[in-house]
Amino acid sequence: MGNSQSPAADPRFVSTARAFTQTELDDLKSLFVSLAAQSQSDGQYISPSVFQAYFGLRGPLGNRMFDLVTQNRKDQKLTFEDLVITKGTYEKGSNDDIEEFIYRLLDVNSDGIVGRSDLEAVLTVMLDDISSQRNSEPGYSPHEGIIKNFLNAATFSKIDEGCAETCMYFEDFRSWCSLLPSVRKYLGSLLMSSDSGRPGYQVPHLMHPENIDSSMIIAKKEYAWHIGGALPQQELEEWKLLYHSAFHGLSFNTFLGNISNDEGPTVLIIKDKEGYVYGGYASQPWERHGDFYGDMKSFLFQIFPKASIFKPTGANSNIQWCAVNFSSDSIPNGIGFGGRVNHFGLFLSASFDEGQTFTCTTFGSPCLSNINRIHPEVIECWGVVPKGAQQERHETGKGTILERFKEDRHMLNMVGLANSSE
């Protein structure tokens, strides 16, 4: 079958087909033939139910996708040309083409606008999928809280005459996607096979000791999915709980001791006494430094009352901060992210009972709480276990972080440069 051998002389089909290799077109044809055979259509078209079952689509999102793929003909018949045109636009188009398609997809009410009710319907389907839950009661959603957090990150700046709700401009949508990469990944992979490990569907397996009550853990499955949207695929296999203040106490030394044998990336989550939940992903181990360090893979995030991810802007390289046993006011003891000394994007003092969060150019982030001076109520830290990493850590010769800090200080004392105190 050549690229131009289509019985429907649709110029969109001829043009889009050129984006595929002959092998890819043959594979799409085989898929179409298989699904059409299941649709009891004499091989002529794919029915909505077969289409939605194959791609794992359901509810208003599945219905809207079928309408878009079939050019809104409302004839309940998906042709081979429809499949090629949509796949070409949605998967092989420019980023603008893809995001324009996703923006139209969000209009599940098919009224020409993207409003809050549209996003609520889409987010409900998403969170049902990633948590493997299905709503059994009409009007009930077990994800109401997290949906509200995601919606709080959205801007609805468009007002249409006669519309009961404000709606989202295309640029509003793009800004929302930048804050919620998990949502963008999910919506951008819906026409992959449902058993192909689609991006946006992965949720890290959260491992914690059996004696820790899971109801006290902040990092629920939906929150891990949100944070994981900014991470590469290999870091979404397993996260293990290294420290939780409710079980280990609000202790900086215990925190450092617990993470000493885990030299991979970590996810730090804080719930403060104002009820706000936020944190940071540290791509580098927490190690003693007298200045900022780290790389551009780290980021800050919010979970409650607004869910957002804030990646480095490139404005500066003040990424991670970890200072222990310094006596100078210019080197505050504790851990943090971004900003500048004493004006961090996020910072926990070594006492672990106070900290700060300010508007931060490093990550383009706002104050993560409703106050700048924070008082943690819960602190937890998860170790990210990359896919294929050895579960058993070789500890010989490493020592704990605290022991390495003492060795550093001893060396400084020997050369008369120590600025720490006992």
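It should be emphasised that the depicted structure is a prediction, and the values quoted were computed from it without experimental measurement. (Residues numbered from 1 in each chain as written. Predicted model: local features only at pLDDT ≥ 70, side-chain atom pairs only at ≥ 80, totals over all residues. Heavy atoms only, no water.)

Attention shifts here to the sheet that holds strand 5 (residues 299–304). Strand order in this open sheet of 7 strands is 1-2-12-3-4-5-6, and the pairing throughout is mixed. Strands at the two margins of the open sheet, each flanked by one partner only, are strand 1 (205–207) and strand 6 (308–310). Each adjacent strand pair in this sheet contributes to an overall mean axis angle of 25 degrees, direction not counted. (Pairing = 2+ DSSP bridges. Helix = DSSP H or I, 4+ residues; strand = E, 2+ residues; numbered from the N terminus. Axes fitted to C-alpha atoms, helices over the stretch in contact; angles between N-to-C directions.)

In this structure, F51, M65, W176, L187 and I269 are the most contacted members of the largest nonpolar core, which totals 83 residues. Sorting elements by how many residues they give to this core places helix 7 (residues 116–131) first, with 7 residues. In this view, L187 contacts Y90, I102, L105, L106, V122 and M126; residues no more than four positions away in its chain are not counted. In this structure, L242, I259, L346 and C381 belong to the second largest nonpolar core, which totals 28 residues. (Core = buried A, V, L, I, M, F, W, Y, C linked by side-chain atoms within 4.5 Å. Buried < 20%, exposed > 50% of the residue type's maximum accessible area, 1.4 Å probe, protein only. Contact = heavy atoms within 4.5 Å.)

The sheet built from 5 strands is open, its strands ordered 7-8-9-10-11 with antiparallel pairing. At either end of the open sheet lies a strand with only one pairing partner, and these are strand 7 (320–323) and strand 11 (373–374). Bridge count for strand 10 (residues 355–356) against strand 11 is 2 bridges, and the pairing is antiparallel. In the sheet register, Q356 faces strand 11, and the bridge partner there is R373.

All right, on to the pairing of strand 8 (residues 334–340) then. Burial analysis of strand 8 places 6 of its 7 residues in the buried class, which makes it a mostly covered element. In terms of strand pairing, strand 8 meets strand 9 (residues 343–349) through 6 bridges, oriented antiparallel. By the bridge assignment, G339 is partnered in strand 9 with F344. In textbook terms, the turn of a hairpin is the stretch between consecutive antiparallel strands, and for strand 8 and strand 9 this stretch comprises 2 residues, one of which, N342, has a positive phi near 65 degrees.

Residues I146, I147, N149, F150 and L151 constitute the buried set of helix 8 (residues 144–152). Elements in contact with the buried residues of helix 8: helix 7, helix 9 (170–179), helix 11 (221–228) and strand 5.

A few words now on unusual backbone geometry. Look at the link from F304 to P305: it is a cis peptide, with omega at 5 degrees. In the Ramachandran plot, Q40 falls in the positive-phi region, its phi being about 55 degrees despite a non-glycine side chain. If you trace the backbone, Q40 turns up in the loop between helix 2 (22–38) and helix 3 (48–54). Overall, Q40 belongs to the exposed group, its relative accessible area being 76%. A positive phi angle is found at Q71, which is not glycine, with a value near 60 degrees. Residue position: Q71 is located in the loop between helix 4 (59–69) and helix 5 (80–92).

Moving on to the packing of aromatic side chains. Within this structure, the stated rule accounts for 23 aromatic pairs. Between F51 and F66, the aromatic rings sit 5.5 Å apart at their centres with planes inclined by 65 degrees, giving edge-to-face as the arrangement. Separated by 15 residues along the polypeptide, F51 in helix 3 and F66 in helix 4 bring together distant segments of the chain. Judged by its relative accessible area of 1%, F51 is buried. Ring centres 6.0 Å apart and planes at 85 degrees place the aromatic pair F150 and W225 in the edge-to-face group. (Phe/Tyr/Trp six-rings, centres within 6.5 Å; stacked < 30°, edge-to-face > 60°.)

Viewed as axis vectors pointing N to C, helix 5 and helix 6 (residues 95–105) meet at an angle of 115 degrees, and their least axial separation amounts to 7 Å. As summarised for this structure, helix 5 and helix 6 are arranged roughly perpendicular, according to the angle between their axes. In this structure, helix 5 contributes T86, T89 and Y90 to the contact, and helix 6 contributes D97, I98, F101 and I102. Per-class residue counts for the contact of helix 5 with helix 6 are 4 nonpolar, 2 polar and 1 charged. (Parallel < 35°, antiparallel > 145°, perpendicular 65-115°, else oblique. Nonpolar A, V, L, I, M, F, W, Y, C, P; charged D, E, K, R; others polar.)

As a further point, take the environment of Q320. Along the chain, Q320 turns up in strand 7. Residues in contact with Q320, not counting those within four places in the same chain, are A282, S283, Q284, P285, W286, D291, F292, Y293, G294, S298, G336 and F337. Engagement of the side chain of Q320 in a polar contact is seen with the backbone nitrogen of Q284, the distance being 3.0 Å. (Polar contact = N/O pair within 3.5 Å; in protein donor to acceptor, adjacent residues only side chain to side chain.)

Right, let's get into the pattern of salt bridges. This structure, assessed with the given rule, holds 14 salt bridges. Between R64 and D107 there is a salt bridge, with its nearest N and O atoms 3.9 Å apart. With R64 in helix 4 and D107 in the loop between helix 6 and helix 7, this pair connects stretches of sequence that are 43 residues apart. According to the relative accessible area criterion, R64 is buried, its value standing at 8%. In this structure D107 comes out as buried when scored by relative accessible area, which is 6%. Here the residues in one salt-bridge network are D96, E99, R174 and R184, joined through shared partners. (Salt bridge = Lys/Arg side-chain N within 4 Å of Asp/Glu carboxyl O.)

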